[in-house]
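# Descriptive analysis of the structure
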Amino acid sequence: MHFDFGLEGFLPTTLYLGAITAVIASMFWRSISGLFYLIPLLPLQTIRYRMNQYPLGGSVVGIILVAVAIGILREHKPLFPKTPWTKLIIVYSVYLFISLLIGTAFLSAPLPLPGDPRFGYWQEYMAMPALLLFVAATKPNRKQMKIIIVLMCFAVLLLNKSFWNTVSGRDYSAFSWDLREGGSMGYAGTNGLAAFESQFAALLVALAAFEKKRLWKLGYLSLGVFSLVCLVYSLSRGGYVAALVGWAFLGLFKQRKLLPLLVAFLLTWTTLVPLAVQE
């Protein structure tokens, strides 16, 4: 992924200094500061890789989450807030780590301690559940939640732009595995990108349904359509099914006018998508 702002050569250093600032601000100022930095970077994995050349640059996500946790405790807030998901996430994280230990014993491998790649995989896998709990623990106000949503949308806009710049010149008149592209999602790959696009498009449509301001509503819907276009060109059948399920769910429980649109799409989709998607 490339930025066209003339900052390409300075990007790794800028990101690294931003991470240091986020860590300090989270621990000694406001715990939510680290989340503001981290949230837009999570889907842009290849951007985060730019920091790997610096000390602990590959562990930025985990370090910032620890800093946020320290900040939450400093603010005398519960690290594990009371939410419908808290117990489930804790049990799930412990279960996964025990599974990792069992696998280690089976392979007669060293314990997966911090610094071990296997511990790093578990840590990255738990980043999103931890983020959910920490956002709840920081108790963001209305303004801070708006900032989080804007940062999320900005990150997805960059993700989609990068993906579209890569695939827009390709020939989709026939299916080929070489056409599949993971964009800036890094090791998540094409299916990871498709799953993310389908989920975020559903979120944007839901936000638009509750939004009263026309400009914001238009922004949500426009980015949602852009995400769906990227999903189409991801050539991921699982992503397609997820998007259709999300479409149907929102139509049944929030916006009934989406249901006729869904039926119309199902009847005409072969005329709307490239041949590679049909194949």
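Residues numbered from 1 in each chain as written. Predicted model: local features only at pLDDT ≥ 70, side-chain atom pairs only at ≥ 80, totals over all residues. Heavy atoms only, no water.

### Here we look at the packing of aromatic side chains
Evaluation of the coordinates by the stated rule reveals 12 aromatic pairs. Arranged with centres 6.3 Å apart and planes meeting at 85°, the rings of phenylalanine 97 and phenylalanine 119 form a pair that is edge-to-face. Taken as a pair, phenylalanine 97 in helix 5 (residues 86-107) and phenylalanine 119 in helix 6 (residues 117-125) lie far apart in primary sequence, 22 residues in all. An aromatic cluster of at least three residues, connected via ring pairs, comprises Phe97, Phe119 and Trp122. (Phe/Tyr/Trp six-rings, centres within 6.5 Å; stacked < 30°, edge-to-face > 60°. Helix = DSSP H or I, 4+ residues; strand = E, 2+ residues; numbered from the N terminus.)

### Comments concerning the pattern of salt bridges
Applying the stated rule across the entire model yields four salt bridges. Its salt-bridge partner being glutamate 75, residue lysine 77 comes within 3.3 Å of it at the nearest N-O pair. A salt bridge links arginine 118 to aspartate 116, with the shortest nitrogen-to-oxygen separation between them at 3.0 Å. Relative accessible area serves as the criterion here: at 18%, aspartate 116 is assigned to the buried category. Several salt bridges share partner residues, and in doing so they unite Arg74, Glu75 and Lys77 into one network. (Salt bridge = Lys/Arg side-chain N within 4 Å of Asp/Glu carboxyl O. Buried < 20%, exposed > 50% of the residue type's maximum accessible area, 1.4 Å probe, protein only.)

### Things to note about the side chain of glutamate 197
You can see glutamate 197 is positioned in helix 9 (residues 189-210). Of the buried charged residues, glutamate 197 lacks a salt bridge, with arginine 180 as the closest side chain of opposite charge at 13 Å. In this structure, glutamate 197 is in contact with Val156, Leu159, Asn160, Ser227, Cys230 and Leu231, ignoring residues within four places of it in sequence. (Lys, Arg positive; Asp, Glu negative; His and termini not counted. Contact = heavy atoms within 4.5 Å.)

### Some details on unusual backbone geometry
At histidine 76, a residue that is not glycine, the phi angle is positive and equals roughly 60°. For histidine 76, the location among the structural elements is in the loop between helix 4 (60-74) and helix 5. On the basis of relative accessible area, histidine 76 is assigned to the exposed category, the value being 74%. Despite not being glycine, lysine 139 has its phi angle at roughly 50°, a positive value. Position of lysine 139 among the secondary structure elements: in the loop between helix 7 (127-138) and helix 8 (142-167).

Worth remembering: the numbers are spatial, not functional.
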